[in-house]
Amino acid sequence: MRLRDLFLETLSAFNANRGRSLLTILGIVIGISAVIAMTSLIDGIKYSLLGSLGLNQSRMVTIYAAPDRGVTEQDLEQLAMGIPDYEFVTGINSASERLGSAGRQYDARIIGCRPEYFTVMGFVASTGALLSQSDVSGETRNVVLDRVAAEKVFGSEGDAVGKTVRINNGDYTVVGTCDSGQGASGGERSLLSCYMPYSTFATRISGGKAIGEIYGYAREGADMKTLAERTRAWLVDWFSIPESEAEGRISVMTLSSIIERLDATMASFQVLVTAIAGISLLVGGIGIMNMMLTNVTERIREIGLRKALGARAADITRQFLFESILLCVTGGVIGVALGYAAAWGLAGSASAFLHMETSVTPIITPSVVLMTSGTCIGIGLVFGYWPARRAARLNPVESLRYQ
């Protein structure tokens, strides 16, 4: 039997039982929809998160160190000299303080930093200028506000430059604004961000020069995984931390390690969803088998007539297997469409839940489509084989006498 004839016969069988066919593939539709919705949504979230990090942060190394004596500027200088793959190493300190002007007061995160910090984080000036090395050397009272802080305190970014803000009991001059991606969610209670020279912060805010957060900026082309391993080993040796305590007191993270953790987290969600969807697909497969057995029973006289006219057992097997596969593939196509639509519907909720600046765009990869197609064909073959073989083994004489 030619493929064209198989296809036409299958369509004819579907048209004869359209309602039953649609109800039969419901389990397939639900299972495939769940897999597609979660896979495309998870991939969309992952790429949105990675896209928001920026190119500069692909070279950023985030370092946590907790020696007994604290971390100083001299430690960072020694780290940069000890590992030549670093272009520079910088540190910041921060505190939550009240920031405002002209009667407007907000909780803000005050960050004492050096100019290199803006390079590491990929921040650029929206208006005005960022902090310079002379600001750090001279302990100036210049500050840079993030975009949201400037809008809340002064109404707009353009009105902030040159104005004075009050932090605790001191006045500071705004020399620029930048979009740091912070403070965009949470309304009035969200912590805004204000950046001031590290030296000024140490003198007027914290009263000390201990460094709270450390960031390294790798040279272009450096192997980030190797760099992270070397950094951890150097810190353990430099601070004389016992290896048994190093796990909790030293941590070095790069973008590659963040991606690995993100992939591991997303993979666990994917396994959970696939397992749940697998149950639905199993139920759908059983439904396919049940329908095909019913079809065989209803079409016994047709099968007997085909055999009497010269159809071989292989032709009968092929016909019913093709019907089973086409049922599953139809369910898969509907499931892909509904799953992708559901992913778009959930994308907005995911963006709000994760407090993401950019919206999530669901992504369907070719590998997922191929996996879905293979799954549908496999279900059709597995659950359609027994009904097809049962039809092929019918005795043509007995079949023609069947009422």
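Look up a bit, the structure's there.
Residues numbered from 1 in each chain as written. Predicted model: local features only at pLDDT ≥ 70, side-chain atom pairs only at ≥ 80, totals over all residues. Heavy atoms only, no water.

J.: I would appreciate a short explanation of the overall build of the protein chain in the present structure.
T.: A tally of helices and strands in the protein chain yields 15 helices and ten strands. By the compact-globule yardstick of 22 Å for 403 residues, the protein chain is too spread out, its C-alpha radius of gyration being 33 Å. C-alpha atoms of the protein chain, sized along the principal axes, occupy 105 × 50 × 30 Å. A separation of at least 24 residues holds for 78% of the contacts in the protein chain among residues at least 6 apart in sequence. Summed over its atoms, the accessible surface of the protein chain is roughly 20,000 Å², and 59% of this surface lies on carbon and sulfur atoms. Both charge centroids of the protein chain, one from 35 positive and one from 37 negative side chains, sit 13 Å from each other. (Helix = DSSP H or I, 4+ residues; strand = E, 2+ residues; numbered from the N terminus. Rg over C-alpha atoms; globule rule 2.2 N^0.38 Å. Contact = heavy atoms within 4.5 Å. Areas by Shrake-Rupley, 256 points an atom, 1.4 Å probe, with all protein chains shown as cover. Lys, Arg positive; Asp, Glu negative; His and termini not counted. Charge placed at Lys NZ, Arg CZ, Asp CG, Glu CD.)

J.: How do you make sense of empty space enclosed by the protein when you look at a structure like this?
T.: Rolled over the atoms, a probe with the dimensions of a water molecule shows which regions are left empty. What the rule picks out here adds up to one cavity of 30 Å³ or more. Taken as a whole, the largest cavity spans an internal volume of roughly 30 Å³. Of all elements in the fold, only helix H4 (73–82) and helix H9 (224–238) reach the threshold of two or more residues within the lining of the largest cavity. The element best represented in the lining of the largest cavity is H4, accounting for three residues. Looking at the lining of the largest cavity residue by residue, the classes come out as seven nonpolar, no polar and one charged. (1 Å grid on protein atoms, 1.4 Å probe; cavity = no way out; pocket = protein on both sides within 12 Å on 5 of 7 lines; lining within 4 Å. Points joined across faces, edges and corners; volume = space filled by probe spheres on them. Nonpolar A, V, L, I, M, F, W, Y, C, P; charged D, E, K, R; others polar.)

J.: What am I meant to see in the pairing of strand E6 (residues 164–167) here?
T.: Burial along E6 is one-sided: Val165 and Ile167 are buried, and none of Thr164 and Arg166, which face the opposite way, are. Here two bridges tie strand E2 (residues 86–101) to E6, and the two strands are oriented antiparallel to one another. From the neighbouring strand, leucine 99 faces E6, where its bridge partner is isoleucine 167. Summarising the sheet, E6 and strand E7 (residues 170–178) pair through four bridges and their orientation is antiparallel. The partner of threonine 164 across the bridge, within E7, is threonine 173. Hairpin connection, E6 to E7: the antiparallel pair is bridged by two residues, and asparagine 168 has positive phi, about 55 degrees. (Buried < 20%, exposed > 50% of the residue type's maximum accessible area, 1.4 Å probe, protein only. Pairing = 2+ DSSP bridges.)

J.: Before we go on, may I ask you to explain the packing of H4 against H9 in this structure?
T.: Angle between the axes and distance between the axes: these two values describe a pair of packed helices. The N-to-C vectors of H4 and H9 enclose an angle of 130 degrees; their axes lie 11 Å apart at closest approach. With respect to each other, H4 and H9 are oriented oblique. For the pair H4 and H9, the sense of crossing is right-handed. In this structure, H4 uses Asp75, Gln78, Leu79 and Gly82 to contact H9, whose residues at the interface are Arg230, Thr231, Trp234, Leu235 and Trp238. Tallied by class, residues from the contact of H4 with H9 come to four nonpolar, three polar and two charged. (Axes fitted to C-alpha atoms, helices over the stretch in contact; angles between N-to-C directions. Parallel < 35°, antiparallel > 145°, perpendicular 65-115°, else oblique. Left-handed = near helix turned anticlockwise from the far one by under 90°.)

J.: Sorry, what's going on with a nonpolar patch on the surface here?
T.: Taken together, the side chains of Phe7, Leu8 and Leu11 make up a nonpolar region of the molecular surface, amounting to roughly 240 Å² of accessible area. By the element assignment, leucine 8 lies in helix H1 (residues 3–16). Of the residues examined, leucine 8 reaches a relative accessible area of 43% and is grouped as partly exposed. (Patch = residues over 30% accessible without salt bridge, like charges linked within 9 Å, V, L, I, M, F, W, Y side chains within 5 Å. Salt bridge = Lys/Arg side-chain N within 4 Å of Asp/Glu carboxyl O.)

J.: Can you help me understand the pattern of salt bridges in this one?
T.: Where charged atoms from two side chains of opposite charge come close, those side chains can pair. Within the structure shown, the criterion is met by 17 salt bridges. For arginine 299, the salt bridge is made with glutamate 323, and the minimal N-O distance between the two is 3.0 Å. Taken together, the positions of arginine 299 in the loop between helix H11 (255–298) and helix H12 (300–308) and glutamate 323 in helix H13 (residues 313–353) put the pair 24 residues apart, joining distant regions of the chain. With respect to class, arginine 299 is no different from glutamate 323; both count as buried. Across the pair arginine 306 and glutamate 302 runs a salt bridge, and its minimum N-O distance is 3.1 Å. One end of the pair is arginine 306 and the other is glutamate 302, both in helix H12 and four residues apart, which spans about a single turn.

J.: Would you mind showing me how to read the packing of aromatic side chains here?
T.: Within a pair of aromatic rings, the relevant descriptors are the distance that separates the centres and the angle that separates the planes. In total, this model carries nine aromatic pairs according to the counting rule given. Here the aromatic rings of tyrosine 117 and tyrosine 195 are separated by 6.2 Å at their centres, their planes lie at 40 degrees, and the arrangement is tilted. With tyrosine 117 in helix H5 (residues 115–121) and tyrosine 195 in strand E8 (residues 192–197), this pair connects stretches of sequence that are 78 residues apart. On the basis of relative accessible area, tyrosine 117 is assigned to the buried category, the value being 2%. Tyrosine 195 sits in the buried class, given a relative accessible area of 0%. Within the aromatic cluster, the residues linked to one another by ring pairs are Tyr117, Phe118, Phe123, Tyr195 and Tyr215. (Phe/Tyr/Trp six-rings, centres within 6.5 Å; stacked < 30°, edge-to-face > 60°.)

J.: Mind showing me how you'd approach the nonpolar core here?
T.: Side chains that are nonpolar tend, in soluble globular proteins, to be buried together. Core analysis: the largest hydrophobic core is formed by 27 residues, its most contacted members being Phe320 and Leu327. Of all the elements in the fold, those that place two or more residues in this core are helix H3 (26–53), H11, H13 and helix H14 (366–392). Discounting residues that sit within four places of it in the chain, leucine 327 has contacts with Phe14, Ser21, Ile25, Ile288, Met291 and Met292. (Core = buried A, V, L, I, M, F, W, Y, C linked by side-chain atoms within 4.5 Å.)

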